[in-house]
Amino acid sequence: MATPGGPRPGNFPPNYNPNALANNMQNLQINQPNQQQQPSNVGGGSAPRPNTSPFGQQAPPFMGGQSRPPPPGVFPRGPTPTNTPPTQTTLPPNMVSQPPPFASRPPPQGALPSSIGGPGGPPHPGTGPRPPPMGSYGPVVNGPPAFAPGMMTQSGPRFPPAMGGMPRPSVGPPQSPTMLPSGASSQPLQMRPSFGSPPAGAPPPSMGQPGPPFQAPQFSGPLQNGPPPPYGTQTWSSQPQQVVPPPPIPGHMQQQQQMFGMTPPFPNQSMAFSQTGPLKIDTTQIPRLTSTSAVILHDTRQDNQANPPPPATSDYIVRDTGNCSPRYIRCTTHQIPCTGDILSASAVHMALLVQPLALPHPSEEPIQVVDFGESGPVRCSRCKGYINPFMKFIDQGRRFICNLCGYTDETPRDYHCNLGPDGRRRDADERPELCRGTVEFIASKEYMVRDPMPAVFFFLIDVSMYAIQTGATAAACSAISQVISDLPEGPRTMVGIATFDCTIHFYNLKRASQQPLMLIVPDVQDVYTPLQSDVIVQISECRQHLETLLESIPTMFQTNRTVDSAFGAAVKAAFLAMKNTGGKLLVFQSVLPSTGIGSLSAREAEGRSNSSAGEKEAHKLLQPVDKTLKAMAIELAEYQVCVDLFITSQTYVDIASLSVIPRTTGGQVYYYYPFSALSDSAKLSNDLRWNVTRPQGFEAVMRVRCSQGIQVQEYAGNFCKRIPTDVDLPAIDCDKTIMVTLKHDDKLQEGSECSFQCALLYTTVYGQRRIRISTLSLPCTSMPSNIFRSADIDTLFSCILKQVADEIPSAPLSQVRDHATNAVIDVLCSYRKSCATTQSMGQLILPESLKMLPLYLLALQKSNGLRSDGRIDDRSFWINYVSPLPAPFVIPFVYPRMIAIHDLDEKELDDSIIPTQIPLSSENISDEGIYLLENGYDCLIYVGNSVQNNALQQFFGISSVEEIPNQFVLQQYDNPLSKKLNAIVNEIRRQRCSYLRLKLCKKGDPSGMMFNSYMIEDKTAEGLSYVEFLVHIHRHIQSKMA
């Protein structure tokens, strides 16, 4: 065996290499009707897909001591001074400044195929700029290696380039710090009484019991409907404001502040209000979302200090220099309060958002895989924390001090290495686990309670009368047949299929040369599985039979007159078939389950109407009707079965009850209401393909450990928890985020650092046990001003959103809205008391880092989750959607992006496919215009009543507004406007990792009302206008201050 703990040499096992995935995801074929596809390589070549690596390539060997220069004009983000009071700006009441125009995130060049229908290959290196590969840089004392601008050398790459065909960038003079040009990117928690209150108790975690585990699947063909990775999200940045020079900073901190390429502390934003009489406010000075076309290059640590991460919604490339990428772990504040009293006084919620399998940017280095052999990775013998860059070696390397619990351990003999003059191990830069914030270990046998499970995919299809008549059954069969070729290849991939109405129908797929045999289970109260050995078989043995069966199912049941659906019984029967192996159960459900185990009734009718959600006690309709399905879900999770639910319905189906199963088993709810076979089939196919091909793992266990003084209070997300310290995940994928609420149990030392470590044990789809370790170390502070300066608004608002979703089923909407509002007011009031230097009560003072919080709160209050006129199922789905939603998608979901598309032929887009964003106000809507609005899930295209007929013909193939169809499928016509619109929609789908549901809207009908409901900044029946809401927030702060 190679050196213990060394990178795995030679024949790599299937390894998570995000670069190949990121390249593959650029090749979308969209806006086409569903059609059968033959498997092919993404690049358009004919080479077969290798089964030794999930992404078609293996991780490069780790080469530690070398460095490479950054690309021209790119500099790392500098550290933010830790002990300087925040500066602020106060604006006189009548000051006017014109806000800069909105700008959208730059689309990567060559990201999509030129023709919508044909398969596209990765862009050629010569077709446009691409992000440069990242390297690693020199050592730093007592910590992971750091990078300083003066240390640039051209001694060769530390890693091979992340993108094989890309030329090495030449070294040039700096042009602009931290930015790349626009073309460079390719691309159940219990509710706390108050969101801002500090968390309250649980013992420190430890990962003592080896649990079950991840591997990413490979894309085998052009992604017709495959959503893109989440690194191409829209960038929101601060609007420039008047800047007051910061006060002097003593000592070495002054020198750090002046470091070239470093981000200075931002001024605060303030607005002036009259204390008496009418409101005086300059609307040009209120905080607004802006965006930038630049790509940020982010070093996670510099000069042995943690760098604050870029905004979650920005486009950035991470270089792991000791801390893990912010894609994997984000904290609500990047400086940790030393005591619980300081945290409580600030009212800032302290929590982590953990997304352990998040997709990286395609230019980032692959995560290194390390093999310690049978001995397993080095761990602390007390807290079981894993070796990481912040463990300090002493006594000439013979012992090490755990950065989590402080315990001193003996270094294993075969892992010993002498220390250099800087106090670091001499081999630290050659060992990924000692210089990288994220690393993956090969799990030894002690982490396995059984052999790694195979990749099992079982499809369960509703064939009741309404499912057949609406086309939902045919759409499901077509979607499944298209993804069969995308399932992982090899003998470990197994499939099964069953259909159900008031009975359950299994199919024997193993019969050699005969048609599949239907096996009917009539008892839906005491279900069983016939012929267990032949119901789930290797895909290589049944591919042809499976395709034939999927083609015949819609015909086989076309005369079915059974309206009942035995959903619960069907899930139970499929579970019995999967019990020995575990795996993914994908259920297509179209009607309310009405018979058998877990049958439901239309309880929404008890509220008199379909829109009873605003009535008293309506929140009880958002709770499961009983514990039957919950008990079933816990049993499913125990046997490592993950359920994904595709609801293709035109009526109420009680999502509140059905969703218990996906949420408990680590799955997901997909909702197509009202389902249209014409307009929703492509999205259904797309969603299913991404579900089975995205990076994911099975039989996983996750635990977060913290340094002494901090402990985990609660986890929230889609999982099952059997013991307080661990999260059990029958499956986990790159789109799932888990919120980890933290609390103090002791005092932290000023000037020290607090560490957080997420350990995810999982099985890859190719049957390997891995342990992914992500470690984040942040400075501690006793100054409230530092907490506000380093607050992460994306993470903080994501936590507020998830807590709101958790509280909705248990409290009236008015109470939930008040809790959310009070949480924000408490934070802003605390800032005013402890940090603001302006004493005038006539001014609203907002911290720069949180100045958009009132707008996000207003958008949240007007969202489907908190609107009083919504459908029960819509609200239930909203709750399920936001619960695991990653931070980059939270703000775009709550405050959607709107752009004008009627003047595309006149716009100069500056290399950006997507035009400038428009504020969500009806003042910006013209009756002669056409506007596109998207939130990452829905995409609405609004057509004004006076739009020119020529534009309608070019965009949509219609001659007047009256011809706008209820069911819309975007087509590409042979004219520049249509091609530009298709390019915009394709780019948004790539950015949002979602195919989007498209709908045409016009003034005066329900679709137009739906579009208008997204005008967040207008005054509506659901809430105040943006300006009025700022006044409302200001008065609450004044009241609390008084």
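In short, a report on the structure.

**Topic: the overall build of the protein**
So, point 1. From N to C terminus, the protein includes 23 helices and 34 strands.
So, point 2. Within the protein, buried positions represent 66% of all 1042 residues.
So, point 3. Accessible surface, the protein as shown: approximately 34800 Å² in total, 52% of it carbon and sulfur.

**As for the packing of aromatic side chains**
So, point 1. Taken as a whole, this structure holds 19 aromatic pairs when the rule is applied.
So, point 2. Between F877 and Y881, the ring centres sit 5.8 Å apart and the planes meet at 40°, which makes this aromatic pair tilted. Here F877 and its partner Y881 are both found in helix α18 (residues 872-882), four residues apart, which amounts to about one turn of the helix. We note that F877, like Y881, is buried.
So, point 3. For the pair F956 and F968, a centre-to-centre distance of 5.9 Å together with 80° between the ring planes defines the contact as edge-to-face. On the criterion of sequence distance, the pair formed by F956 in helix α20 (residues 949-956) and F968 in the loop between α20 and α21 (976-992) is long-range, its members being twelve residues apart.
So, point 4. Residue F956 is classed as buried on the basis of its relative accessible area of 7%.

**Notes on the nonpolar core**
So, point 1. Among the nonpolar cores identified, the biggest contains 163 residues, and I504, L585, M702, V704 and W878 are the most heavily contacted of them.
So, point 2. Here the element with the most residues in this core is helix α9 (residues 567-578); it accounts for ten residues.
So, point 3. Residue contacts for M702: discarding those within four places in its chain leaves V354, P356, Y715, T725, D726, V727, L729, I738, C758, A759 and L760.
So, point 4. Listed in part, the 42 residues of the second largest apolar core include A476, Y507, L509 and C642.

**What about the packing of helix α15 (residues 793-807) against helix α17 (residues 853-861)?**
Each pair of packed helices can be summarised by the angle the axes make with each other and by the distance between the axes.
So, point 1. Running from N to C, α15 and α17 cross one another at 25°; their axes reach a closest spacing of 11 Å. Of the possible angle classes, the one that applies to α15 and α17 is roughly parallel. In the packing of α15 onto α17, the handedness of the crossing is right-handed. Here I793, L796, F797, I800, L801 and V804 of α15 come into contact with α17, specifically with L853, Y856, L857 and L860.
So, point 2. Here the contact of α15 with α17 is composed, by residue class, of ten nonpolar, no polar and no charged.

**Details of the state of the cysteines**
So, point 1. Considering all chains together, one arrives at zero disulfides under this definition.
So, point 2. With no disulfide of its own, C939 lies 9.3 Å from the sulfur of C1001, the closest cysteine sulfur.
So, point 3. The cysteine C993 is free of any disulfide, with C734 supplying the nearest cysteine sulfur at 5.9 Å.
So, point 4. You can call C993 buried: its relative accessible area is 8%.

**Regarding the sheet that holds strand β9 (residues 351-354)**
So, point 1. Spatially, the four strands line up as an open sheet ordered β7-β9-β26-β24, and their pairing is antiparallel. If you trace the sheet from one side to the other, it starts and ends with β7 (329-331) and β24 (710-716), each paired once. In this sheet, neighbouring strand axes are inclined to one another by 25° on average, regardless of whether the strands run parallel or antiparallel.
So, point 2. Here six bridges tie β24 to strand β26 (residues 738-744), and the two strands are oriented antiparallel to one another. Bridging from a neighbouring strand, A716 pairs with M739 of β26.
So, point 3. Of the strands in this sheet, β7, β9 and β26 are in contact with α15, which crosses β9 at around 90°.

Definitions and limits used
Residues numbered from 1 in each chain as written. Predicted model: local features only at pLDDT ≥ 70, side-chain atom pairs only at ≥ 80, totals over all residues. Heavy atoms only, no water. Helix = DSSP H or I, 4+ residues; strand = E, 2+ residues; numbered from the N terminus. Buried < 20%, exposed > 50% of the residue type's maximum accessible area, 1.4 Å probe, protein only. Areas by Shrake-Rupley, 256 points an atom, 1.4 Å probe, with all protein chains shown as cover. Phe/Tyr/Trp six-rings, centres within 6.5 Å; stacked < 30°, edge-to-face > 60°. Core = buried A, V, L, I, M, F, W, Y, C linked by side-chain atoms within 4.5 Å. Contact = heavy atoms within 4.5 Å. Axes fitted to C-alpha atoms, helices over the stretch in contact; angles between N-to-C directions. Parallel < 35°, antiparallel > 145°, perpendicular 65-115°, else oblique. Left-handed = near helix turned anticlockwise from the far one by under 90°. Nonpolar A, V, L, I, M, F, W, Y, C, P; charged D, E, K, R; others polar. Disulfide = S-S within 2.5 Å. Pairing = 2+ DSSP bridges.

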